[in-house]
Amino acid sequence: MNANAPRPIERHTLSFTLNGDSKQLNIPPWLTLLDVLRDELNLTGTKKGCDHGQCGACTVLRDGKRVNACLTLAVMCDGAEITTVEGLATGDELHPMQRAFIKHDAFQCGYCTPGQLCSAVGLAREGRGTDRDQIKELMSGNLCRCGAYSNIIAAVEEGLMASRDEQVEGGTQP
Ligand code: FES
Ligand code: FES
């Protein structure tokens, strides 16, 4: 056996739920969740900004919690439930947070918007963000290069309120 021969790439089988659908992939261990979503599964709603955990454009929900998909190895998601921006709406019915972003015109170029939305939905599940200062602090990992912050904060505030109302009424959205 040639000791200098390249070692075969070890691949891993990954099973997870993505926006309610079961997925199984066989992938090399170094792929990030972000690259798997965009390049292997063609779900390009989740954006790649910095690719270093600094902008929040890649935020998705893993088991309901906000994560930066660029810092998450896909193999760490075996058995997890992943929700991306494509999975927030229920059929044709937008998530309350999406409706609030539209109402408040909370975007310009829209590049940061999927991450802002997933982060805000995660925040709703955390049950935090009860005033504007808290929302600013808890959304500070999601940068907007267009500077649409005042509209984003107003939208998140309304979306959080709507989500709380839905939870009280027994709503089931993420
Ligand atoms: S692309 Fe992941 S934090 Fe910027
Ligand atoms: S709307 Fe352009 S980066 Fe936020």
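Residues numbered from 1 in each chain as written. Chains lettered and ligands numbered in written order. Predicted model: local features only at pLDDT ≥ 70, side-chain atom pairs only at ≥ 80, totals over all residues.

A. Just the pairing of strand E1 (residues 12-18), in detail. Relative to strand E2 (residues 21-27), E1 runs antiparallel, the two sharing 7 bridges. Bridge pairing in E2 places Thr13 opposite Asn26. Pairing geometry for E1 and strand E5 (residues 81-83), over 2 bridges, is parallel. Its bridge partner lying in E5, Thr17 is registered against Glu81. (Pairing = 2+ DSSP bridges. Helix = DSSP H or I, 4+ residues; strand = E, 2+ residues; numbered from the N terminus.)

B. Inspection of the pairing of E2 at higher detail. Of all 7 residues in E2, 0 are buried, a share of ten percent or less. Here E1 folds back onto E2 in antiparallel fashion, the turn holding 2 residues, of which Asn19 has a positive phi close to 50°. (Buried ≥ 20, exposed ≤ 12 C-beta atoms within 10 Å, placed from the backbone.)

C. Highlighting the nonpolar core. Core analysis: the largest hydrophobic core is formed by 38 residues, its most contacted members being Leu33, Ala69, Leu117, Ala120, Val121 and Val156. Listed by contribution, the elements that provide at least two residues to this core are E1, helix H1 (33-40), strand E3 (59-62), helix H2 (96-103), helix H3 (113-126) and helix H5 (149-168). Each of two domains, domain 1 (12-87) and domain 2 (96-168), supplies a minimum of three residues to this core. Look past the residues within four positions of Ala120 in its chain and what remains in contact with it is Met97, Met139, Val156 and Gly159. (Core = buried A, V, L, I, M, F, W, Y, C linked by C-beta atoms within 7 Å. Domains from an automatic or database assignment. Contact = placed C-beta atoms within 7 Å.)

D. Examining the sheet that holds E3 more closely. The sheet built from 5 strands is open, its strands ordered E2-E1-E5-E3-E4 with mixed pairing. With one partner strand each, in any of the chains shown, E2 and strand E4 (65-68) form the two edges of the open sheet. Each strand axis lies, on average, 40° off the axis of its neighbour in the sheet, ignoring direction. Note that E3 and E5 share 2 bridges and pair antiparallel. Residue Arg62 lies in a different strand from E5, and its bridge partner there is Ile82. Docked against the sheet, H3 engages E3 and E4, running at close to 35° with respect to E3. (Axes fitted to C-alpha atoms, helices over the stretch in contact; angles between N-to-C directions.)

E. How the structure looks around the domain arrangement of the protein chain. Each assigned domain of the protein chain is listed with its residue range as follows: domain 1 (12-87) and domain 2 (96-168). For domain 1 and domain 2, the distance between their C-alpha centroids amounts to 21 Å. Across the boundary between the two partners, domain 1 contributes 14 residues, which contact 13 residues of domain 2. Of all the elements in the fold, those that place two or more residues in the side of domain 1 that touches domain 2 are E3 and E4.

F. Fine view of the packing of H2 against H3. The geometry of H2 relative to H3 is characterised by a closest axis approach of 10 Å and an angle of 130° between their N-to-C directions. For the element pair H2 / H3, the angle class is oblique. Relative to H3, the crossing made by H2 is right-handed. In this structure, H2 contributes Met97, Gln98 and Phe101 to the contact, and H3 contributes Thr113, Leu117, Ala120 and Val121. By residue class, the composition of the contact of H2 with H3 is 5 nonpolar, 2 polar and no charged. (Parallel < 35°, antiparallel > 145°, perpendicular 65-115°, else oblique. Left-handed = near helix turned anticlockwise from the far one by under 90°. Nonpolar A, V, L, I, M, F, W, Y, C, P; charged D, E, K, R; others polar.)

G. Structural context of unusual backbone geometry. Phi at Asn19 takes a positive value of approximately 50°, unusual for a residue other than glycine. Take Asn19: it is sitting in the loop between E1 and E2. By the C-beta count within 10 Å, which is 19 here, Asn19 ends up partly exposed. A positive phi angle, close to 65°, is found at Asp51, a residue other than glycine. Examined against the element boundaries, Asp51 turns out to sit in the loop between H1 and E3.

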